[in-house]
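# Chains, contacts and geometry: an overview
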Amino acid sequence: MKIEKKYHGVVVPMVTPVTKDGDIDVAAVERIVNNFAQYGVSPLIMGTTGEGNSVSCSQGVEMISAAKRASMGRVTIYAGLGGTCISEQYAAAERFIEAGADVIAATLPSYYTLTPEQMESYYLNLAEFLTVPLMLYNITITTHMSIPLDVIERLSHHPNIVGLKDSENNIPRLEEALKLFADREDFSYFCGCAANSAVAMKNGADGIVPSVGNYLPKIYQDIYEAGKAGNDAEAERLQQESIQIGKINTAGLTLGESLAGLKVIMKMAGLCEEYMLPPLTELNSETAERIRKEAESVLKSYQ
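Here the residue numbers are simple positions, counted from 1 along each chain's written sequence. Owing to the predicted nature of the model, reporting of local features is limited to residues with pLDDT of at least 70; listing and counting of side-chain atom pairs is limited to 80 or more, with chain, interface and lining totals taken over all residues. Based on all heavy atoms of the structure, the side-chain values leave hydrogens and waters out of the count.

### A word on the pairing of strand E7 (residues 188-191)
Under the convention used in this document: For each residue, the accessible area found with a 1.4 Å probe, counting protein chains only, is set against the maximum for its type, and the residue is called buried under 20%, exposed over 50%, and partly exposed in between. What counts as a helix is a DSSP run of H or I of at least four residues, what counts as a strand is a run of E of at least two, and both are numbered from the N terminus. Should DSSP find at least two bridges between two strands, the strands are regarded as paired. When the strands point away from the viewer and the connection leading from the first strand across the helix to the second strand turns clockwise, the crossover is called right-handed.
Along E7, one buried face is formed by Ser188 and Phe190 and the opposite face, lined by Tyr189 and Cys191, is buried too. With 4 bridges connecting them, strand E6 (residues 161-166) and E7 associate as parallel partners. Considered in E7, the bridge of Asp166 is made with Cys191. Note that the unit made of E6, helix H7 (residues 171-181) and E7 has a crossover that is right-handed. Looking at chain direction, E7 and strand E8 (residues 207-208) are connected through 2 bridges and run parallel. Within E8, the residue paired with Cys191 across the bridge is Ile208.

### Points about the packing of aromatic side chains
Put simply, the rule reads: Whether two aromatic rings pair depends on their centres lying within 6.5 Å, for rings of Phe, Tyr and Trp, where Trp uses its six-membered ring; planes under 30 degrees apart make the pair stacked, over 60 edge-to-face, and the rest tilted.
Going through the model one piece at a time under the given rule, you end up with 5 aromatic pairs. Between the aromatic rings of Tyr78 and Phe190, the centroid separation amounts to 6.3 Å while the plane-to-plane angle is 65°, which identifies the pairing as edge-to-face. Separated by 112 residues along the polypeptide, Tyr78 in strand E3 (residues 78-81) and Phe190 in strand E7 bring together distant segments of the chain. Comparing Tyr78 with Phe190 shows no difference in burial state: the two are buried.

### Notes on the pairing of E3
Here E3 shows no split at all, with Tyr78 and Gly80 on one side and Ala79 and Leu81 on the other all buried. As defined by bridge partners, strand E2 (residues 42-45) adjoins E3 across 2 bridges and the pair is classed as parallel. Bridge pairing in E3 places Ile45 opposite Ala79. Remark: the E2/helix H2 (residues 57-71)/E3 crossover connection has right-handed handedness.

### Re the sheet that holds E6
As a general point, the strands of a sheet are linked pairwise by backbone hydrogen bonds and lie either parallel or antiparallel. Where we set the bar: Residues are treated as being in contact if the distance between any of their heavy atoms lies within 4.5 Å. Geometry is summarised by axes, namely lines fitted to C-alpha atoms with helices restricted to the contacting stretch, and by angles between N-to-C directions that run from 0 to 180 degrees.
The parallel closed barrel is built from 8 strands, whose spatial order is E1-E2-E3-E4-E5-E6-E7-E8. Contacting E3, strand E4 (103-106), strand E5 (134-138) and E6, helix H4 (residues 116-129) runs over the sheet at an angle of about 155° to E5.

### Overview of the environment of Ile147
Its place among the elements puts Ile147 in the loop between helix H5 (140-143) and helix H6 (149-155). Measuring from C-alpha to C-alpha, the distance between Ile147 and Leu108 comes to 8.6 Å, with 39 residues separating the pair along the chain. Discounting residues that sit within four places of it in the chain, Ile147 has contacts with Leu108, Met119, Tyr123, Tyr137, Asn138, Ile152 and Arg173.

### Details of the pattern of salt bridges
As a reminder, the rule being used: Salt bridge, as used here: a side-chain nitrogen of Lys or Arg that lies within 4 Å of a carboxyl oxygen of Asp or Glu.
Taken as a whole, this structure holds 19 salt bridges when the rule is applied. Glu274 is paired through a salt bridge with Arg292; the nearest N and O atoms lie 3.1 Å apart. Of this pair, Glu274 sits in the loop between helix H11 (255-268) and helix H12 (285-301) while Arg292 sits in helix H12; the two residues are 18 residues apart in sequence, bridging distant segments of the chain. According to the relative accessible area criterion, Glu274 is buried, its value standing at 17%. By relative accessible area, which is 26% here, Arg292 ends up partly exposed. It is possible to trace a salt-bridge network through shared partners that takes in Glu4, Glu225 and Lys228.

Interpretation in functional terms is not warranted from these geometric data alone.
Set out below in structure tokens:
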């Protein structure tokens, strides 16, 4: 059985629940985090699934504060850090830490295409600035850049850089990364592509980051536990089951639409409303109804 590092397990990229007026729905944040915590699942606040670039700094503080209260120390609070203005990032990070963030997970500033040297410099400077640990966050679908593994390997030796959340859907890269990091006690690897959770665990990943975990945290906790125990067949069985479930709110939709579809299911589960933060919008009634019909039996089966 794989030995658990300090940073491990299921970390769900949590949706950002808002009211019709676009305010943070604090009660919904508490419901969602409490649902996670009963399964030992941690939230990643303001990640891609959480519409992170649409959440203001003050809203982020409100979210983190509510999540910290609801968690009651049961889980780790990861806070996403994005944007393109570095001084604003640093100011936001300070406020997120004051609000209770345990770890900052930062994506690359993505308006300009950065060289590997610029990527490395960005993360080194941020790691020196932060007073909590930093997790590298590689997500090519939104930044349109991939952090090279040799850059990550060098960064991994900084004492305040504790891990990587890699959402790049690239199995050879995943396998190569885990050759570098699986046995490193001081650096954790989290698979951010939910469809690759089982193969990641088989290769020695420390954790998985699945968006469907917003309303079904247990199935991913089960994948994690099976993978950690070396029960690869059971992890793969659950993986295939989760992939089919995930198609309910992703098939034929853009990334932004899929997030709106996720909130449709979250409302069915009694966790939050369907409202989105601009520039994203709620789904049209026909698509939302299709998702409700397909999700109904799934929610019944996993209650």
